[in-house]
Amino acid sequence: MRDTTSDLPISLDTVTVRCGAVSILHDVTLEIAGGPPTVLLGPNGSGKSTLIKLGMRLISPSAGHITFGGRSSPGPTRSAIVFQKPIMLRRTAAANIAFALSAAGREPDAATISHLLSQVGLAALADRPARRLSGGEQQRLALARALARAPEVLFLDEPTASLDPAATKGVEDIIARTACEGVKIVMATHDLGQAKRLAGDVVFLAGGRVVERGASPQFFMSPSTDAARRFLAGDLVL
Amino acid sequence: MNAVNARDGCQLNATDAVQLIWSGDANLFAIVRLSLAVTLAATVLAAVVGMPLGAFAALVRFPGRELLVVVLNAFMGLPPVVVGLVVFLMLSRAGPLGELGLLFTPTAMVVAQTVLITPIVAALTRQVIEDLWAEYREEFQAMQVGPLARVRALLWDARFSLVTILLAGFGRAAAEVGAVIIVGGNIDGFTRVMTTTIALETSKGNLALAVGLGLILITLVVTVNALAWSVRRWSEKHAA
């Protein structure tokens, strides 16, 4: 039976993540609720991917705590993630989807697999070994695999970082469509153009801290912090 | 003069050997059949024991795991005569399993070959599964894949490598002589296999049979390796 409890809002209360002596996130307090896509924006090493992994509970905070829909346990049950470099299972595209459906407790029937592949424009490549797909096709297959979980929240960790513009557009179209269907998108990127195209609201991170948060037009038109202004101007923000 | 005779002798032996194979000599093919039966049985047993053991060592953290990994790796190079000796002592009348009466039977030879190749199968399986798990871990955690489904998926996705491992084990067992001659006794018509017959017939000077069996053994080993290579090529092309 599918879990119907909600993972939203995701609330982080003074969360710190350390890796040995190095602090990756410091005292982050943040709430992610339903609605348009939330984009985590910031330079490399600002803590975006760590925040995404916390949201999926792939890692635990060193200090502070996180709740999902008001509960701290169990972790997210209706969330899915697409990594920057997703790992394709050594089987066909269709079999990758079938595996994700089974893992999510759904029936891996041919109609559902076909529907998911069609959603990401890979229906014609169903029988091709997943590892022989191009980078953009693999990323779309990873999206279909994530959608196989019928997620309430979809985390995307720089999903187009290594793609060319055409492949990037293909992935962004799927993200926008998924968001329109009511799935909460939480996406990490350092691509300003992509953030402008997709974001409903922006969380700007630098040095492991949330520096600024605001609705997308407001953030891009009139950022309230110096760090965000410099980042938007193309300066190096460390 | 002697060199010419020796060369003629070699040509004669090779011709006799081919004639022996071509004629379908019953004695020769009985030896081949027994060799294949013993080696296949040992390979199946090594797969049944070694693959789960290797997967367990790859995926489960427990006290003594590293020692197990070191032992498995070390035992890949077990000297066959030592394995033969240990199995002999276990199965001999005074040994702990002497009452089973297995010494100098094909079963004893299967046991010895199984002991010899199980560490190879287990150690290589552990390495393959561990490498694949390192690759899949984060995706599987994100997909919340359960432990059983995880093991099934890893074994399935590693299937071509695992087949190659089994073929390597088969090749090692098929070419083995030291252990099976100790526990089998090389009894004519009962426990005589290709490798032990080659050793015996060479010492007796019956080179036609020795060369004939040698040709078959080499053909078998080459075929097995060609099969392993083909499996890998096919998997690269079709399953990536």
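Residues numbered from 1 in each chain as written. Chains lettered and ligands numbered in written order. Predicted model: local features only at pLDDT ≥ 70, side-chain atom pairs only at ≥ 80, totals over all residues.

From N to C terminus, chain B includes 10 helices and 0 strands. Each helix and strand of chain B, ordered N terminal to C terminal, gives the series α-α-α-α-α-α-α-α-α-α. Dimensions of chain B along its principal axes, counting C-alpha atoms only, are 75 × 50 × 30 Å. Evaluated residue by residue, chain B yields a buried proportion of 38% over its 240 residues. A separation of at least 24 residues holds for 78% of the contacts in chain B among residues at least 6 apart in sequence. (Helix = DSSP H or I, 4+ residues; strand = E, 2+ residues; numbered from the N terminus. Buried ≥ 20, exposed ≤ 12 C-beta atoms within 10 Å, placed from the backbone. Contact = placed C-beta atoms within 7 Å.)

Attention now moves to the interface of chain B and chain A. Taken together, the 15 residues of chain B in the interface contact 16 residues of chain A. Contributing elements (two or more residues each) for the side of chain B that touches chain A: α5 (106-143) and α6 (147-157) of chain B. Take the side of chain B that touches chain A: its biggest share by element is 7 residues, from α5 of chain B.

Before going further, it helps to examine the domain arrangement of chain A. All names here are of chain A. For chain A, the assigned domains read domain 1 (8-78 + 151-238) and domain 2 (89-150). Domain 1 and domain 2 are separated by 25 Å when their C-alpha centres are compared. With 10 residues of domain 1 at the interface, the matching set in domain 2 holds 11 residues. Residue composition of the side of domain 1 that touches domain 2, by class: 7 nonpolar, 3 polar and no charged. (Domains from an automatic or database assignment. Nonpolar A, V, L, I, M, F, W, Y, C, P; charged D, E, K, R; others polar.)

Residues and elements named next belong to chain A. Taken in spatial order, the 3 strands of this open sheet run β2-β1-β4, and their pairing is antiparallel. Each edge of the sheet is formed by a strand with only one pairing partner; in this case those strands are β2 (22-32) and β4 (63-68). When the angles between neighbouring strand axes are averaged without regard to direction, this sheet yields 20 degrees. Of the strand pairs in this sheet, strand β1 (residues 10-19) and β2 are connected by 7 bridges, and their pairing is antiparallel. Note on β2: the bridge partner recorded for cysteine 19 is valine 22. (Pairing = 2+ DSSP bridges. Axes fitted to C-alpha atoms, helices over the stretch in contact; angles between N-to-C directions.)

Here the focus is the pairing of strand β8 (residues 201-206) of chain A. Residue and element names in this part refer to chain A. In terms of residue burial, β8 counts as a mostly covered element, since 5 of its 6 residues are buried. Relative to β8, strand β3 (residues 38-41) runs parallel, the two being bridged by 4 bridges. What sits directly across from leucine 40, in β8, is valine 203. Sheet topology places β8 next to strand β9 (residues 209-215); 6 bridges connect them, and they run antiparallel. Note on β9: the bridge partner recorded for alanine 206 is arginine 209. Hairpin connection of β8 to β9: 2 residues between the antiparallel strands, including glycine 207 at a positive phi of 60 degrees.

For the rest of this paragraph, the subject is the nonpolar core. In this structure, Ile97 and Ala144 of chain A together with Val87, Ala112, Val121 and Val183 of chain B are the most contacted members of the largest nonpolar core, which totals 134 residues. If you tally residues by element for this core, the top one is α5 of chain B, at 19 residues. Each of two domains, domain 1 (8-78 + 151-238) and domain 2 (89-150) of chain A, supplies a minimum of three residues to this core. Excluding anything up to four places from it in sequence, alanine 144 of chain A contacts Ile97, Leu116, Leu117, Gln119, Val120 and Leu122 of chain A. (Core = buried A, V, L, I, M, F, W, Y, C linked by C-beta atoms within 7 Å.)

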